[in-house]
Each structure stands twice: as structure tokens, then as C-alpha cells.
Amino acid sequence: MKSLLYGGTVFRNGQLERADLLLERDRIAAVDGVCGAGWDLTGLLIVPGFVDVHVHLRQPGYEEKETIASGTAAAAAGGYTTVCAMPNLNPVPDSREHLAVQQRWIRRDAQVRVLPYGAITQREQGQVLSDMVALAPDVIGFSDDGRGVQSRELMRQAMLLAKSLDRPIVAHCEDESLLPQGWAVHEGEASRRFGLPGNPSDSEWRQVERDLTLVEETGCRYHVCHVSTRESVALIRAAKRQGLHVTCETAPHYLCLCDGDLFDDGRFKMNPPIRSPQDREALIQGLLDGTIDCIATDHAPHTQAEKSGGLGHSLNGVVGLETAFPVLYTRLVRAGQMPFEILLRALCVRPREIFGLEGGSLDPGDPADLTVLDLDHPHRINAGSFRSLGRSTPFDGWEVSAAVVMTFCGGEVVYDNQSGDAL
């Protein structure tokens with residue numbers, strides 16, 4: 001079956017240009033010089049499908065928070081055609097047997113491509129390595145996201161094994177010895193204003209620093225999750241200049257908010273916390289100069305009850321798949337803080353390069369994984385209309401200027417909002 005996407009602008013090989021795309025089955029068959037029936041996308045922009053390298057789909061084990069079906073529906077609505085799913089599940093995918101439980105749900109219910117991570121340690125408890133050798137053929141990398149690996153020696157062993165398996169270590173960096181009991185926000189303006197224990201910046205960057213010395217020793221590919229501090233940015237920048245195999249991500253809430261923007265509401269509670277204006281500025285600069293490679297949502301749904309305890313008593317985690325593009329485009333690109341091409345590179349090109357995924361250029365032969373954007377689509381974000389089971393986002397009620405209007409995965413339409421109904 002062939003379909004033509006005509007009349008739109010496309011983001012090909014890092015540049016915006018006018019072109020038509022012919023899709024045949026699950027691939028891009030041709031660019032320009034084609035005709036036929038299909039979709040008139042005049043005035044719209046076609047980009048490679050977004051890739052989110054850090055999501056929590058909660059199934060198996062926590063279906064009251066999210067399922068593969070609801071989470072991938074949210075991904076499609078956000079323009080994501082590939083998501084990489086973190087392993088804090090029940091059972092934790094620390095063996096092939098446990099991973100198989102998750103894989104069955106993915107095969108049955110996923111609306112977009114789902115690539116699972118394997119755990120670094122058994123049950124993510126940081127004591128004994130998982131069965132990394134058996135897991136490696138079926139996982140995108142290894143992570144204990146939600147907790148940092150506290151033992152330097154165990155992390156060294158994990159890196160050596162991951163290198164031999166040609167898989168990256170994807171690290172949640174958090175030195176638990178530096179955290180006060182019951183921390184709720186960044187140690188700074190927010191902790192003073194709300195009278196709550198604060199999470200200091202060095203709880204993150206000290207473990208980044210430790211791990212970078214291990215990367216130098218082992219030669220492992222290493223990816224830092226949800227970078228939030230200016231010190232982490234500086235360390236990663238220096239490591240890249242040194243030639244180490246290090247990449248990293250940050251998240252929309254760290255790029256668009258600082259700790260002075262918080263309310264005493266669970267939708268502002270996440271780990272790491274939203275930090276200072278100086279940290280936010282360093283993150284933006286890190287994207288501009290290539291230190292930060294990609295933007296990942298850390299989509300982490302919880303039930304309404306779990307997010308109803310304000311900053312002090314809610315669980316950490318917010319949803320982000322359905323808000324990422326409109327918020328980032330409005331607050332960074334339209335506001336003049338970032339060229340559009342850099343944002344698109346962080347959403348749909350660099351994630352593929354880092355994890356060795358197909359596509360990203362919209363050339364003939366590429367997978368027909370595409371996102372269609374309307375850059376002139378003012379609307380207000382309404383968490384009540386999300387496809388995700390999670391509703392907790394700091395961006396609820398925000399006025400934004402752009403929207404995802406269609407998503408194709410493997411040549412199939414998995415989301416269509418051309419009618420103009422915005423989130």
C-alpha cells in the first residue's frame with residue numbers, strides 16, 4: 001500500500017525544505033517527483049518521529065498508574081514513534097524470564113515502538129548485577145533508573161560487562177548519602193520558601209563525577225539521565241572534550257521551569273527536583289553547544305491519590321509525553337532562546353544516533369515513522385484530556401502555540417488530530 005504526504009515542509013538531514021513523501025508499507029519510498037492519493041499537509045511540518053529514551057510505562061506491576069496501551073497512546077499523541085521503557089516494574093526485567101513478561105504486553109498492546117531497558121542490578125536493589133549477558137540481545141541498554149547505583153565497585157563491574165556486550169549504561173545519578181530524609185524540592189529558594197528539606201545539587205553531580213572516572217577506566221558507553229544541575233553540564237562537557245563515550249539528556253520541566261515557579265502541588269514534585277534559574281540557563285546552553293544530546297520526558301505517571309499530598313507528601317514523577325513538543329516549542333523556540341533545528345535534533349535525531357536506531361533523516365528507505373506538526377495552533381494544555389492515565393503535569397493550563405496533528409508509525413496512522421481539537 002502506498003500513501004503520499006504532500007504540500008508540507010519536511011525536516012531532512014538537519015534542514016527544513018519543501019518536499020513530498022511517498023510511503024510504501026512501512027518505509028519512505030521516495031521524496032518528491034511522486035503523485036497519488038494521500039494527505040494534504042499544506043502549511044504543516046513533517047519531521048522524523050520523536051524518540052523518547054526515558055519513559056515509565058508501569059506495566060507489568062503498576063497498571064493502576066499506566067499501561068502499555070495507555071502509555072503508548074499518549075506517546076503517539078505527543079508525536080513519539082519510539083519510546084525506551086525503564087525497568088522499575090514488577091517483576092523487574094533483571095532476567096530473560098522477567099523481561100518476557102513485559103515483552104508480552106508490548107507485543108499485545110503497544111501502539112508505537114517500545115524498546116525496554118534491562119536492570120543493572122537484581123530487583124534494582126544495587127547489590128548484585130542482573131543477568132546482563134542473557135538480557136543484552138533484547139534490551140536497548142541497562143539502567144536502575146529511580147535509584148543511583150551507590151557502590152562504585154559494582155558500577156565498575158557493570159560498565160565492564162556492558163562494554164563487552166556493546167550496550168550502554170544509562171544512569172540515574174544520585175548519591176543517597178548526601179540527601180536529607182524526606183527531601184521534597186531543590187535545596188535553595190524553594191526549600192526556604194516552603195520550609196521543606198532540600199535536595200542539594202551535589203547529590204547529582206558527585207555521582208556523575210564518580211561515574212565519569214569509571215567511564216575513562218572502562219571505556220563503557222555511558223548516558224546520564226535527566227541532567228538538572230549546572231555542575232553536571234560542566235562535567236559532561238569536559239568529558240566529551242576528553243573524548244569519553246558519554247551522552248546525556250535533560251527534560252522539558254528542567255528547561256522551562258526553575259524552583260521559583262513551584263506551587264505546593266504534587267504536579268511539581270519529581271526526582272531530580274526543578275532547580276535554580278542558573279541551572280536552567282546552563283541546561284539551555286548545554287543544548288545549544290551540544291553538551292546535552294537529547295530531551296527525554298521522564299514520563300512517570302502516578303495515581304491521583306499518590307500525587308495529592310503536595311510537595312511534601314506526593315510521590316516523585318510527572319507525565320510528559322503529551323506536553324513536551326508544544327511546551328518546548330513555545331517556551332524555547334518561539335521565545336527566541338533556541339533555534340528550531342536544535343530542538344528537533346534533540347527530539348528526533350540525536351536519540352537515534354546515540355542508541356543506534358534507524359531513521360532520522362527522512363531519506364528513501366528510512367522507516368515511515370513520522371510526526372506532523374502545526375506551528376500555528378494556539379491552545380491551552382488540558383491534563384483532563386490526556387490519553388495517559390496520569391494527569392499530573394506542571395504544564396496543566398499553559399497556553400502554547402503549536403501542536404502535534406498526526407503521527408505515523410511504520411507507515412500506519414497511530415494519531416490523527418487534523419480536526420483541530422487540541423489537548
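Note that the structure is a prediction, hence the values are computed from the model and not measured.

Looking at this structure, I do not really get the overall build of the protein chain. What am I missing?
Counting its secondary structure elements, the protein chain contains twelve helices and 21 strands. Taken over C-alpha atoms, the radius of gyration comes to 20 Å for the protein chain, in line with the 22 Å a tight globule of 423 residues would show. Taken along the three principal axes of its C-alpha coordinates, the protein chain extends 60 × 45 × 45 Å. Looking at the protein chain as a whole, 61% of its 423 residues are labelled buried.

Help me understand the packing of helix 6 (residues 202–218) against helix 7 (residues 230–242) in this model?
How two helices sit against one another is set out by the angle between their axes and by the gap between those axes. For the pair helix 6 and helix 7, interaxial distance at closest approach is 9 Å and the crossing angle is 15°. Judged on the interaxial angle alone, helix 7 and helix 6 are roughly parallel. Crossing angle aside, the handedness with which helix 6 passes helix 7 is right-handed. Facing helix 6, whose interface residues are Glu204, Trp205, Val208, Glu209, Leu212 and Glu216, helix 7 presents Glu231, Ser232, Leu235, Ile236, Ala239 and Gln242. For the contact of helix 6 with helix 7, a count of residues per class yields six nonpolar, two polar and four charged.

Would you explain the packing of helix 4 (residues 152–165) against helix 6 in this entry?
For the pair helix 4 and helix 6, interaxial distance at closest approach is 10 Å and the crossing angle is 40°. Looking at the two axes, helix 4 sits oblique to helix 6. Helix 4 and helix 6 meet at a crossing whose hand is right-handed. Contact residues: helix 4 offers Arg152, Met155, Arg156, Met159, Leu160 and Lys163, while helix 6 offers Arg210, Asp211, Thr213, Leu214, Val215, Glu217 and Thr218. Along the lines of polarity and charge, the residues of the contact of helix 4 with helix 6 split into five nonpolar, two polar and six charged.

Explanation requested: the packing of aromatic side chains in the structure shown.
Remark: the centre distance and the inter-plane angle together describe each pair of aromatic rings, the angle taken between the planes. Following the criterion strictly, the structure yields nine aromatic pairs and no others. With a centroid separation of 5.1 Å and 85° between ring planes, the pair formed by Trp39 and Phe408 is classed as edge-to-face. In this pair, Trp39 is assigned in strand 6 (residues 38–40) and Phe408 in strand 20 (residues 403–409), connecting sequence segments 369 residues apart. Overall, Trp39 belongs to the partly exposed group, its relative accessible area being 24%. Ring geometry for Phe263 against Phe268: centres 5.8 Å apart, planes inclined by 55°, an arrangement best described as tilted.

Could you clarify how one ought to interpret the environment of Gly286 in this entry?
For Gly286, the location among the structural elements is in helix 9 (residues 277–288). Placed 53 residues apart in sequence, Gly286 and Val233 show a C-alpha to C-alpha distance of 6.5 Å. Sequence-distant contacts of Gly286, that is, excluding residues within four places in its chain, are made with Val233, Arg237, Thr291 and Ile292.

So what exactly am I meant to see when it comes to the environment of Pro339 here?
Topologically, Pro339 is positioned in the loop between helix 11 (324–333) and helix 12 (340–355). Pro339 sits in the partly exposed class, given a relative accessible area of 42%. Along the primary structure Pro339 and Ser191 are separated by 148 residues, whereas in three dimensions their C-alpha atoms are 33 Å apart. When residues no more than four places from it in sequence are discounted, the contact partners of Pro339 are Leu288 and Val333.

Would you take a moment to explain the pattern of salt bridges for this structure?
As a working rule, side chains carrying opposite charge can pair if their charged atoms are close by. Scanning the entire structure with this criterion turns up 24 salt bridges. Measuring nitrogen to oxygen at the nearest pair gives 2.6 Å for the salt bridge that ties Arg12 to Asp363. With Arg12 in strand 2 (residues 9–12) and Asp363 in the loop between helix 12 and strand 17 (370–374), this pair connects stretches of sequence that are 351 residues apart. Since its relative accessible area comes to 23%, Asp363 is described here as partly exposed. Across the salt bridge formed by Asp293 and Lys240, the nearest N and O atoms sit 2.7 Å from each other. With Asp293 in the loop between helix 9 and strand 16 (294–295) and Lys240 in helix 7, this residue pair connects regions lying 53 residues apart in the sequence. By relative accessible area, Lys240 is classed as partly exposed at 25%. Connected through shared salt-bridge partners, Lys240, Asp293, Arg345, Arg350 and Glu353 make up one network.

Got a minute to help me understand the nonpolar core in this structure?
The tendency in soluble globular proteins is for nonpolar side chains to be buried side by side. Counting residues in each nonpolar core, the largest one holds 96 residues, and the members touching the most others are Phe50, Ile169, Tyr222, Phe325 and Leu343. Not counting chain neighbours up to four residues away, the residues in contact with Tyr222 comprise Met159, Ile169, Ala171, Cys173, Val208, Asp211, Leu212, Val215, His245, Val246 and Thr247.

Looking at this structure, how should I read the sheet that holds strand 16?
Each strand in a sheet pairs with its neighbour through backbone hydrogen bonds, running either in the same direction (parallel) or in the opposite one (antiparallel). Read across the sheet, four strands follow the order 11-14-15-16 without closing on themselves; strand pairing throughout is parallel. The sheet is open, and its two edges are formed by strand 11 (169–171) and strand 16, each paired on a single side. Where strand 11 meets strand 14 (residues 222–224), three bridges bridge the pair, whose relative direction is parallel. Note on strand 14: the bridge partner recorded for Ile169 is Tyr222.

Help me out: how do you make sense of the environment of Leu283 in this one?
With respect to the helices and strands, Leu283 occurs in helix 9. Taking the C-alpha atoms as reference points, Leu283 and Leu344, separated by 61 residues in sequence, lie 16 Å from one another. Not counting the four nearest positions on each side in its chain, Leu283 is found in contact with Val227, Ser228, Val233, Thr250, Tyr254, Leu255 and Ile292.

When you look at the pairing of strand 4 (residues 21–24) in this model, what are you seeing that I'm missing?
Put simply, side chains in a regular strand alternate between the two faces of the sheet. In this sheet, strand 4 lies alongside strand 1 (residues 2–6) in antiparallel orientation, the contact comprising four bridges. Bridge pairing in strand 4 links Leu5 to Leu21. Strand direction decides the pairing type here: strand 4 and strand 5 (residues 27–31), joined by four bridges, are antiparallel. Within strand 5, the residue paired with Leu21 across the bridge is Val31.

It is not clear to me how the state of the cysteines should be interpreted in this structure. Could you clarify?
Any covalent bond linking the sulfur atoms of two cysteines counts as a disulfide. Under the counting rule described, the total for this entry stands at zero disulfides. Free of any disulfide, Cys248 has its nearest neighbouring cysteine sulfur in Cys294, separated by 7.4 Å. With relative accessibility at 0%, the residue Cys248 sits in the buried group.

About the thresholds
- Residues numbered from 1 in each chain as written.
- Predicted model: local features only at pLDDT ≥ 70, side-chain atom pairs only at ≥ 80, totals over all residues.
- Heavy atoms only, no water.
- Helix = DSSP H or I, 4+ residues; strand = E, 2+ residues; numbered from the N terminus.
- Rg over C-alpha atoms; globule rule 2.2 N^0.38 Å.
- Buried < 20%, exposed > 50% of the residue type's maximum accessible area, 1.4 Å probe, protein only.
- Axes fitted to C-alpha atoms, helices over the stretch in contact; angles between N-to-C directions.
- Parallel < 35°, antiparallel > 145°, perpendicular 65-115°, else oblique.
- Left-handed = near helix turned anticlockwise from the far one by under 90°.
- Contact = heavy atoms within 4.5 Å.
- Nonpolar A, V, L, I, M, F, W, Y, C, P; charged D, E, K, R; others polar.
- Phe/Tyr/Trp six-rings, centres within 6.5 Å; stacked < 30°, edge-to-face > 60°.
- Salt bridge = Lys/Arg side-chain N within 4 Å of Asp/Glu carboxyl O.
- Core = buried A, V, L, I, M, F, W, Y, C linked by side-chain atoms within 4.5 Å.
- Pairing = 2+ DSSP bridges.
- Disulfide = S-S within 2.5 Å.

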